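Listed below are the residues making up each chain.
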Amino acid sequence: MHLKNEIAKLLELTLSGMSDLSDAPEIASTHTTVERTRDPRHGDFTTNIAMRLAKSAGRNPREIAQAIIDALPQNELIDKVEIAGPGFINFHVSSIASHREVAGILASGQRYGRQETRATPKILLEFVSANPTGPLHVGHGRHASYGATLGNLLEAAGFKVDREYYVNDAGRQMDILGVSVLLRMLEAGGSTVRFPDAGYKGEYIREIAANITEDISNLDPLELFKGLPTDDKEEIISALIANAERLLGDDSFGKLRRQALESILSDIKDDLAEFGVVFDRWFSEQSLTDDKLIDDALAVLKKRQMLYEKDGATWFRATDFGDEKDRVVVRENGKKTYFASDIAYHYGKRERGYDHLIDILGSDHHGYIARVRAGLEAMGYAGDSLEVELVQFVTLYRAGEKLQMSTRSGEFVTLRQLREDVGNDAARFFYVMRSNDQHLDFDMELAKSRSNDNPVYYIQYAHARVASVFRQLEEKAFTYQQAEGISAFAMLTESHEKALMTSLSRYPEVIELAAVNRAPQHLVHYLRDVANELHSYYNAHQFIVEDDDLRNARLALIDATRIVIANGLGIIGVSAPEAM
RNA sequence: GCGCCCGUAGCUCAACCGGAUAGAGCAUCGGCCUUCUAAGCCGAAUGUUGCAGGUUCGAGUCCUGCCGGGCGCGCCA
């Protein structure tokens, strides 16, 4: 248990023993009212509980605060408790508490900041889920970084979490992909084709086409283009799909399509793996149909009388659950809508035993949330078991110039290009530096710069600096005795040392805060603070000193700092280099 | 037109169920390397939190209206 929770628990215990206050409804949420102070003059922790209780108790907040302070039992973690301002209760943490915490870092190492895993809720985190019709671009990179980091945060905070990628491998877009590849194959074979506007025009389609093994030699290109409509681009592509299926045969076109899909999917998997983003499961949309899960979900809805027929289609009563209109699940032509697979997919997630579902979606999908939630509710699951985190768009800047991107035309910067350009560390870091509900301006020059402008290097440098000190130690033939250092923590009385110890002890709280708020930027800002304090300390004091106790104590402190930085960077997916 | 998100320093952004004097980085200006990496440190300056009301002991945060920006409103996926 971290320091903040210990203080909160102490406070709760005290309040429950105060007969005149213990009935107040505010008591129930006491644990959340203890927070770190912003100003060190206010001590280390503060609570506003006295002010919150004032109304229902009908008493002056400062008077209540004094009563609480009087009732607080003696505790070695706390040096001093005082009332301030309108009724804040400020706690000054003892040096014993700080020393214990830093010793705990050294003892826990990589595990420091990780809470014990709790059995429930089991969380399913779905993210990226980009259509497998082309390589990932820089927008997906933000989803990947945010999702991976959030997954790490949740795990560190003690939650059981599985990561899943929903592969949209069914439906029309696969047919369009197949036709796009087919046309590029014909082109490569010397035919002249008029490439349709609705096709995937990216250069990568030619590369995929070059690697398709399916034999199309008996396909007559002229036949393929025969009888095409000329006006509507959607109709043109539909006719091309129909012609391709007819001329090649359903089987052959299917194989071509599958090869194209596998090619793109394996590229996406490699890309993400290289980016340090791993999934527990790649869930196929097609499998929902193959395994009859959509039928099952629709049967559940039907049984619950949530469906009705109108205009030849089957509708779901989404308005009964707060959506703005009812939604079609089976079209007039008998085909199920994308929405039908999506509610089946989310229903399946709950059926597979996950208590809480987190979807990370692009902000342009926000209109979709209400209907999926409605689907869950209609099938008997709580709507709030689905949580959606929206990620805003990314704008790339290179040398101050905004890079225009268009997915349709195939002209966009891929995630792979970005990674090669700025490096994985900078990319992972920059992507989670900002709150996910803010548009992100990604400055490629800054991400690349090996200078003090670059926050990634600033933090990594702090880690490398500590490593460097330990290398110097050997060269100078001094030793580092960790246990002696811990015993001598009382010698660390400099302001830099106290500040650093306080910051380090915040780490588990920051992990929890970032996890609960789904806000990795808290961790980023925290790590910058720790790095700053390390650098300041480094400049103000010598670590490798003659005095054995002082040297060991200082080295133990920076050793702990190195651990916290490495753990924090690890959660973001950024390396902690030994030397730079 | 309706719905969701956003609006904080010159720029890019933080700000933990509402809490104390709204904080960082960049850019600007001035200092610090014969001493563990100057990819660093120290200092200076920077605000009508889009506007107007309301709730509250207390509002950047909650409510209402307006202004500006993004996105969404399909028997597409």
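Our subject is the structure listed above.
Calculation criteria
- Residues numbered from 1 in each chain as written.
- Chains lettered and ligands numbered in written order.
- Predicted model: local features only at pLDDT ≥ 70, side-chain atom pairs only at ≥ 80, totals over all residues.
- Heavy atoms only, no water.
- Helix = DSSP H or I, 4+ residues; strand = E, 2+ residues; numbered from the N terminus.
- Buried < 20%, exposed > 50% of the residue type's maximum accessible area, 1.4 Å probe, protein only.
- Lys, Arg positive; Asp, Glu negative; His and termini not counted.
- Salt bridge = Lys/Arg side-chain N within 4 Å of Asp/Glu carboxyl O.
- Polar contact = N/O pair within 3.5 Å; in protein donor to acceptor, adjacent residues only side chain to side chain.
- Contact = heavy atoms within 4.5 Å.
- Pairing = 2+ DSSP bridges.
- Axes fitted to C-alpha atoms, helices over the stretch in contact; angles between N-to-C directions.
- Core = buried A, V, L, I, M, F, W, Y, C linked by side-chain atoms within 4.5 Å.

Caption draft 1: Inspection of the side chain of E285 at higher detail. With respect to the helices and strands, E285 occurs in helix α11 (residues 285-290). In this structure, E285 is buried with no salt-bridge partner, the nearest side chain bearing the opposite charge being R331 at 8.9 Å. At 3.3 Å, the side chain of E285 forms a polar contact with the side chain of N168. Not counting the four nearest positions on each side in its chain, E285 is found in contact with Y166, V167, N168, D169, A170, Y338 and S341.

Caption draft 2: A look at the sheet that holds strand β11 (residues 356-362). In spatial order, the strands read β7-β6-β5-β11-β12; together these five strands make up an open sheet with parallel pairing. Of all the strands in the sheet, just β7 (281-284) and β12 (386-391) have a single pairing partner and so form its edges. Averaged over neighbouring strand pairs, the angle between their axes works out to 25° when direction is ignored. Sheet topology places β11 next to β12; six bridges connect them, and they run parallel. Bridge assignment links G362 to a residue of β12, and that residue is V391.

Caption draft 3: Spotlight on the nonpolar core. Grouped together as the largest cluster of nonpolar side chains are 126 residues, with contacts concentrated most on Y165, V181, L418, Y431, F442, L523 and I558. Per-element tally for this core: the top contributor is helix α22 (residues 548-572), with 13 residues. Formed by 32 residues, the second largest nonpolar core is a distinct cluster that contains I294, A297, A344 and L357.

Caption draft 4: Unusual backbone geometry, seen in detail. Residue P121 is reached from T120 by a cis peptide bond, and omega for that bond is -5°. Among the secondary structure elements, P121 is positioned in the loop between α4 (95-108) and β5 (122-126).

Caption draft 5: Spotlight on the side chain of H143. Its place among the elements puts H143 in helix α5 (residues 138-156). Among the residues examined, H143 registers a relative accessible area of 12% and is labelled buried. Setting aside residues no more than four positions away along its own chain, H143 makes contact with F127, V128, I360, L361, G362 and V391.

Caption draft 6: Structural detail: the sheet that holds strand β2 (residues 45-47). With antiparallel pairing, the four strands of this open sheet are ordered in space as β1-β2-β4-β3. Looking at strand neighbours, the two that pair on one side only are β1 (34-36) and β3 (78-84), the edges of this open sheet. Neighbouring strand axes in the sheet, compared pairwise and without regard to direction, differ in orientation by 25° on average. Bridge analysis of β2 against strand β4 (residues 88-93) gives three bridges, and the strand direction is antiparallel. Residue T46 lies in a different strand from β4, and its bridge partner there is N90. This element, helix α1 (residues 3-16), spans β1, β2, β3 and β4 of the sheet and lies at about 145° to β1.

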